[in-house]
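One-letter residues, chain by chain:
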Amino acid sequence: QVRLVESGGGLVQPGGSLRLSCATSGITLSIYTMGWYRQAPGKQRELVAAITSGGITNYADSVKGRFTISRDNAKNTVYLQMNSLKHEDTAVYYCNADRIVATMNMKYNYWGQGTQVTVSS
């Protein structure tokens with residue numbers, strides 16, 4: 001059974017930092033592209049950051065220079081370090097695991113349950 005469990009969310013003041021963790025089980029983390037998404041009230045879910053199995057990273061323009069995604073395959077965990085947080089970063093943050101096996105036309109995609117991040121003074 002595949003599980004993705006996010007942790008590390010909470011209430012933080014503007015300018016503060018948080019580190020989110022996504023602990024995975026039931027998958028071989030090293031072969032998946034891992035992503036962090038977020039969804040604010042009344043808005044669509046959006047990609048925040050992603051890291052490929054080869055370590056290539058991609059960030060939304062709104063978080064570039066402030067957020068850092070990383071992975072520890074040995075610990076089956078993915079992280080999102082969030083610095084200089086702003087009110088507009090308030091959202092539920094979701095972890096995602098994605099893998100496409102093109103030769104077999106198969107796609108594997110899993111989501112965590114989400115963790116709330118609230119940036120407020």
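In every chain, residue numbers begin from 1 and rise along the written sequence. The predicted nature of this model means local features are confined to residues of pLDDT at least 70 and side-chain atom pairs, given and counted, to a pLDDT of 80 or more, with totals for whole chains, interfaces and linings taken over all residues. For the side-chain quantities, the full set of heavy atoms in the structure was used; hydrogens and water were omitted.

**Student:** Please explain the pattern of salt bridges as it appears in this structure.
**Tutor:** Close approach of charged atoms lets side chains of opposite charge pair. The term salt bridge refers to a pairing of a side-chain nitrogen on Lys or Arg with a carboxyl oxygen on Asp or Glu at a separation within 4 Å. Counting across every chain of the model gives 5 salt bridges. A salt bridge links D89 to R66; the nearest nitrogen and oxygen atoms lie 2.8 Å apart. Of this pair, D89 sits in the loop between β8 (77–82) and β9 (91–101) while R66 sits in the loop between β6 (57–59) and β7 (67–72), and the two are 23 residues apart along the sequence. Members of the salt-bridge network, linked through shared partners, are R38, E46, R66 and D89. Helix and strand assignments come from DSSP, with helices taken as H or I runs of at least 4 residues and strands as E runs of at least 2, each series counted from the N terminus.

**Student:** What should I look at first to understand the packing of aromatic side chains in this one?
**Tutor:** Describing an aromatic ring pair means giving the distance of the ring centres and the angle of the ring planes. Each aromatic pair joins two rings of Phe, Tyr and Trp (for Trp, the six-membered one) with centres within 6.5 Å, and gets the label stacked for planes under 30 degrees apart, edge-to-face for over 60, and tilted for any other angle. This structure, assessed with the given rule, holds 3 aromatic pairs. Each ring, one from Y94 and one from W111, has its centre 6.5 Å from the other, and the planes form 85°; the classification is edge-to-face. Of this pair, Y94 sits in strand β9 while W111 sits in strand β10 (residues 106–111), placing them 17 residues apart in sequence. Three or more aromatic residues link up through ring pairs in this structure, and these residues are Y37, Y94 and W111. Above the face of the W111 ring, R45 is positioned so that its terminal group lies 4.6 Å from the ring centre. Note on geometry: a ring has a charge over it if NZ (lysine) or CZ (arginine) is within 6 Å of the ring centre and within 35 degrees of the ring normal.

**Student:** What is the right way to look at the nonpolar core in this model?
**Tutor:** Take the buried residues of types Ala, Val, Leu, Ile, Met, Phe, Trp, Tyr and Cys, join any two whose side-chain atoms come within 4.5 Å, and each joined set is a nonpolar core. Only protein chains enter the calculation, and the probe is 1.4 Å; a residue is then buried if its accessible area is under 20% of its type maximum, exposed if over 50%, and partly exposed in between. In this structure, M34, W36, L80, M82 and Y93 are the most contacted members of the largest nonpolar core, which totals 29 residues. Contacts: residue pairs with any heavy atoms within 4.5 Å of one another. Sequence-distant contacts of M82, that is, excluding residues within four places in its chain, are made with G16, S17, L18, L20, R66, F67, Y93 and V117.

**Student:** How should the sheet that holds β8 be read in this particular structure?
**Tutor:** Backbone-to-backbone hydrogen bonds join strands into a sheet, with any given pair of strands oriented parallel or antiparallel. If you walk across this open sheet you meet the 4 strands as β1-β3-β8-β7, and the pairing is antiparallel. At either margin of the open sheet sits one strand with a lone partner, and together these are β1 (3–7) and β7. Geometrically, the sheet is characterised by an average inter-axis angle of 15° between neighbouring strands, direction not taken into account. One bridge is not enough; two strands pair if DSSP finds at least two bridges between them. An axis is simply a line fitted to the C-alpha atoms; with a helix, the fit covers only the stretch in contact. Between two such axes, the angle follows the N-to-C directions and lies from 0 to 180 degrees.

Nothing here speaks to function; it is all geometry.
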